[in-house]
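# A closer look at the structure
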Amino acid sequence: MSSRFDASAADRRWQERWAEARSFSADSNSDKPKTYVLEMFPYPSGRIHMGHVRNYTMGDVIARYRRMQGHEVLHPMGWDAFGMPAENAAMERKVHPGEWTWANIRTMRDQLKRMGFALDWEREFATCDPAYYGHEQALFLDLFEAGLVYRKESEVNWDPVDMTVLANEQVIDGCGWRSGAPVERRKLAQWFLKITDFADELLEGLKDLDDWPDKVRLMQENWIGKSKGLDFRFRLAEPVGGIADVEVFTTRPDTIFGASFVAIAAGHPIAEAIAASDPKAAEFVAECQRGGTSLAEIEAQEKKGYPTSVEVVHPLDPEWRLPVYIANFVLMDYGTGALFGVPGHDQRDYEFASKYGLPIKRVVAASSEVGSEPIGSEAETAPGVAVNSSFLDGLTTGQAIAEMIRRAETAGWGQGTVQYRLRDWGVSRQRYWGTPIPIIHCERCGAVAVPRDQLPVVLPDDVDFEKPGNPLDRHPTWKHVDCPGCGGKATRETDTLDTFVDSSWYFMRFASQPADKPFDRAEVEKWLPVAQYIGGVEHAILHLLYARFWTRALKKLGRLDMDEPFKGLFTQGMVTHETYRAGDGSWLSPDEVRKDGDDWVHIESGEPVLPGRVEKMSKSRRNTVDPEPILAKYGADAVRWFMLSDSPPERDLEWSEGGIEGASRFVQRLWRLATSGSAGQGEDEALKRKLHRTVAAVGEAIEGLQFNKAIAQLYELTTAIEKAKPSETRAEAVRTLILLAAPAAPHLAEEAWAALGEKTMVADAPWPSFDPALLIDDQVTLAVQVNGKLRDTLNAPRGLDRAATEALALASDKVQRQLNGASPRKVIVVPDRLVNIVA
């Protein structure tokens, strides 16, 4: 037996054995309890990175652990394969997006298999395959026929480089999340899914997601943004373009006496009417259109307004006029496209009023006594009591809100209502590499669903990317079809679906893959909801919210009988690495630099290198580490072990060569221990107790997703076994250690298991059990004090009575030296914990 574990040979041997035995193929008909473990499936960008490795290693530990517990485990893998990067690659490399995507899938599949993950590869699919997206088109039509899909013209974020619409969440600091280009605001006809129909359900459902991180639930709660308030209209002093009033919504109607202005969106009908005859207003509207529609961007940008000649009448005083501004921080698709500004009690309004010399009036104060004090250098946003507010004076904020809504409803100029920050999901994307929207446009019949027997609507292969924009728009034949309704000439919808639609139901398709429909309900309900879902927190208000909506929408259609797709959610930390820059400011990769004493230098040139911050591994910073050479050098188990052991899984993990080398050394330690062949007779009670406690602790740590704690327990047990003398207990401990380590280091475990003479695989072995009685300490440590100061610690049997405890403490040599022959005046005993002797 070799004294050194040959990771490369073992990895290959056991991966082949698992594949031959179909060890990880999930059986839907099994009578075992079912567990669905899933990591967010990857985009096939070309190569896996260390973030993938960490994410999938965590899921793999859970999947293997559950399998050893006797569960039938579904742990699948597939590819989120549509999206702009493939089109960008097509333009840059002169290849078809499909060719680029499928080549990347082949590479990444091989890399993932090299890690030895316990995946059911028989259920693999890619979302760019018509066999997948054809079923997605069928589901889209289901929603369309149920009235959950509609088309309208709306303001959108337009990426002028990628030439496509972006969701608000895809606008980062005013720029497209992929192109980096400043976004523009445009009006386009877009397809929408009615996610707002489910706003209350989605909000209420968060309360039952006990196994989700609090931060994710809070992010979704804030994104849905339910708010109660007053909906009312300001009458225009003089109509504009036939418009007589402007509607607003406010959650703080108690502040209406502090109003200084009304602000309307650049796309508001009043703004458009004004701009039609005012060139300066038109110029300002055009400037607003050059910004995005992201709320985060709008909050961060400078607040600008255009003063119009229009005024509105205050609803509580017909002599009170407020000026109307066109403002860059108001959007048509949020609320009513208009708001009234209360500078004294809203910071955005305060900044705007300060810039344009508008009144800043106090109408809320900590108490009525300070109602005459002016507003200071910033708005006061805290609740309090109403002041300078006529009939509201003296009421608390809550009381004043209720009273104002009551009066508005009684007088007929307003209505108490509920609004949401959440907007319907715009799913149209002006690009080629996506799921074609299965709609045909006919001048006579309007928007008509593609007949079901014509699905899938397949993307044409003969497209070119020489010009920017969507090649489907300029394809000579693909978009020209006959109308299914009247038979006349018609055109296909050339927009494709947002890729987040693809990932809103993929977990259902993993569970059930019939050829003639998206999924079989009975099969899906055997597996769903996903027991443990793992992925990045960056998907909290995109993918995770959309998947929850999609599940509820399918329930409404009678396709499923469940509300939530994911029972447990875990958001892992990122893998990070130090960054390096050359003298010219260019980024250098870790394999291009070396340490020279206390300094870093460029290997090739010998020039000094400036080390930078530790950041998330990214191609743009070039601080990524390619897993392949690491795997070749250390083997899969060392990489897996390091990913689990060096940091709590919810925190970032800094990659280090020292860390992977330490993991590799421990793998060799385990191998030597497993193959030492030292047998013996008799039992070792202390080791036996340690063993059973470790079994319990490792299981508890994995259940709690505290993988680093599980690894720490295995380190401790390994040390205890190494120190123990040969015995039957020691032999049992070695065998148990192998099983406990198997979810994290499966290749080593299989090799060691076989070396012990076992004929079955660890992959088929049960998880070790423990004796609860051995978890209870039969010894306690007593702290012995003299006059309140610790003088000794003693081991004692648990449950020792007071008299025996007192006698044991007084027999201590250290205590006797302190007493110096004197008798104690008093002895205080806290059973199993403390003895305090008062001299």
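See the structure shown above.
Residues numbered from 1 in each chain as written. Predicted model: local features only at pLDDT ≥ 70, side-chain atom pairs only at ≥ 80, totals over all residues. Heavy atoms only, no water.

Moving on to the overall build of the protein chain. Broken down by element type, the protein chain carries 25 helices and 35 strands. Expressed as a percentage of its 839 residues, the buried residues of the protein chain come to 54%. Contacts spanning at least 24 positions in sequence make up 72% of the contacts within the protein chain whose residues lie at least 6 apart. Taken as a whole, the protein chain presents about 36,700 Å² of accessible surface, with 48% of it coming from carbon and sulfur. Averaging the locations of the 99 positively and 124 negatively charged side chains of the protein chain gives two centres separated by 3 Å. (Helix = DSSP H or I, 4+ residues; strand = E, 2+ residues; numbered from the N terminus. Buried < 20%, exposed > 50% of the residue type's maximum accessible area, 1.4 Å probe, protein only. Contact = heavy atoms within 4.5 Å. Areas by Shrake-Rupley, 256 points an atom, 1.4 Å probe, with all protein chains shown as cover. Lys, Arg positive; Asp, Glu negative; His and termini not counted. Charge placed at Lys NZ, Arg CZ, Asp CG, Glu CD.)

This part takes up the sheet that holds strand E22 (residues 489–492). Ordered by their spatial adjacency, four strands build an open sheet running E20-E19-E22-E21, and the pairing between neighbours is antiparallel. Each edge of the open sheet carries a strand with a single partner, namely strand E20 (446–449) and strand E21 (480–482). Sheet twist, expressed as the mean angle between neighbouring strand axes with direction ignored, is 40 degrees. Both E21 and E22 contribute to a ladder of three bridges, which runs antiparallel. In the sheet register, His480 faces E22, and the bridge partner there is Thr491. (Pairing = 2+ DSSP bridges. Axes fitted to C-alpha atoms, helices over the stretch in contact; angles between N-to-C directions.)

One open sheet accounts for four strands, arranged E2-E1-E24-E25; its pairing is parallel. Here the strands that pair on one side only, and so sit at the sheet edges, are strand E2 (72–74) and strand E25 (569–571). Between one strand axis and the next, the sheet turns by 15 degrees as a mean value, whatever way the strands run. Judged from the three bridges that link them, strand E1 (residues 34–39) and strand E24 (residues 532–535) form a sheet pairing that is parallel.

As enumerated under the stated definition, the model contains 40 aromatic pairs in all. Each ring, one from Tyr325 and one from Tyr356, has its centre 5.6 Å from the other, and the planes form 50 degrees; the classification is tilted. Separated by 31 residues along the polypeptide, Tyr325 in strand E12 (residues 317–327) and Tyr356 in helix H11 (residues 347–356) bring together distant segments of the chain. Taking 5.7 Å as the distance between ring centres and 75 degrees as the angle between the ring planes, the aromatic pair formed by Tyr432 and Phe465 counts as edge-to-face. Here Tyr432 is found in the loop between strand E18 (428–429) and strand E19 (439–442), whereas its partner Phe465 is found in the loop between E20 and E21, with 33 residues between them in sequence. Side by side, Tyr432 and Phe465 carry an identical accessibility label, which is buried. What links up through ring pairs into an aromatic cluster is the set Phe41, Phe125, Tyr132, Trp505, Tyr506, Phe507, Phe510, Tyr533 and Phe566. Above the ring of Trp478, the side-chain terminus of Arg492 is found at 5.5 Å from the ring centroid. Across the ring face of Trp587, the terminal group of Arg581 is positioned such that the distance to the ring centre comes to 3.8 Å. (Phe/Tyr/Trp six-rings, centres within 6.5 Å; stacked < 30°, edge-to-face > 60°. Lys NZ or Arg CZ within 6 Å of the ring centre and 35° of its normal.)

A separate point is the side chain of Arg123. Positionally, Arg123 belongs in the loop between helix H4 (97–114) and helix H5 (130–145). Given the relative accessible area of 12%, Arg123 is considered buried. Within polar-contact distance, the side chain of Arg123 engages the backbone oxygen of Phe510 at 2.8 Å. (Polar contact = N/O pair within 3.5 Å; in protein donor to acceptor, adjacent residues only side chain to side chain.)

What follows is about the layout of surface pockets. The calculated volume of the second largest pocket comes to roughly 980 Å³. If you go around the second largest pocket, you meet 30 residues; those closest to its centre are Phe249, Thr251, Leu339, Asp346 and Arg348. Only strand E9 (243–250), helix H10 (295–300), strand E13 (338–341), H11 and strand E16 (414–420) provide two or more residues apiece to the lining of the second largest pocket. The class makeup of the residues in the lining of the second largest pocket is 12 nonpolar, 11 polar and seven charged. (1 Å grid on protein atoms, 1.4 Å probe; cavity = no way out; pocket = protein on both sides within 12 Å on 5 of 7 lines; lining within 4 Å. Points joined across faces, edges and corners; volume = space filled by probe spheres on them. Nonpolar A, V, L, I, M, F, W, Y, C, P; charged D, E, K, R; others polar.)

This part covers the packing of helix H1 (residues 7–21) against helix H23 (residues 746–755). It is the contact of H1 with H23, at a shortest axis distance of 9 Å, that shows an interaxial angle of 85 degrees. The pairing of H1 with H23 is recorded here as roughly perpendicular in orientation. Taking contact as the criterion, the partners of Ala10, Asp11, Arg13, Trp14, Gln15 and Trp18 in H1 are, on H23, Pro746, His747, Glu750, Glu751 and Ala754. Residues belonging to the contact of H1 with H23 are distributed by class as follows: five nonpolar, two polar and four charged. (Parallel < 35°, antiparallel > 145°, perpendicular 65-115°, else oblique.)

Tracing the backbone shows Ser823 in the loop between helix H25 (813–819) and strand E34 (826–830). We classify Ser823 as exposed; its relative accessible area is 62%. C-alpha of Ser823 to C-alpha of Ile837: the two residues are 14 residues apart in sequence and 9.9 Å apart in space.

On to H11. Within H11 the residues assigned to the buried category are Asp349, Tyr350, Phe352 and Ala353. For H11, the buried positions fall inside an angular range of 170 degrees around the axis, keeping them on one side. Packed against the buried residues of H11 are strand E10 (261–264), strand E11 (305–314), E12 and E13. The backbone nitrogen of Arg348 has a side-chain oxygen 3.0 Å away, supplied by the residue at the start of H11, namely Asp346. A positive backbone phi angle near 65 degrees is found at Gly357, which sits one or two residues after H11. (Arc of directions from axis to C-beta.)

To describe two helices that pack against each other, one gives the angle between their axes and the distance between the axes. Taken N-terminus to C-terminus, the directions of helix H2 (residues 50–68) and helix H20 (residues 685–703) make an angle of 125 degrees; their axes are 10 Å apart at the nearest point. In this view, H2 runs oblique relative to H20, as classed from their interaxial angle. The way H2 lies across H20 gives a crossing that is left-handed. Between H2 and H20, the contacting residues are Val61, Tyr65 and Arg66 on the first element and Gly699, Ile702 and Glu703 on the second. Each residue belonging to the contact of H2 with H20 can be placed in one class, and the counts come to three nonpolar, one polar and two charged. (Left-handed = near helix turned anticlockwise from the far one by under 90°.)

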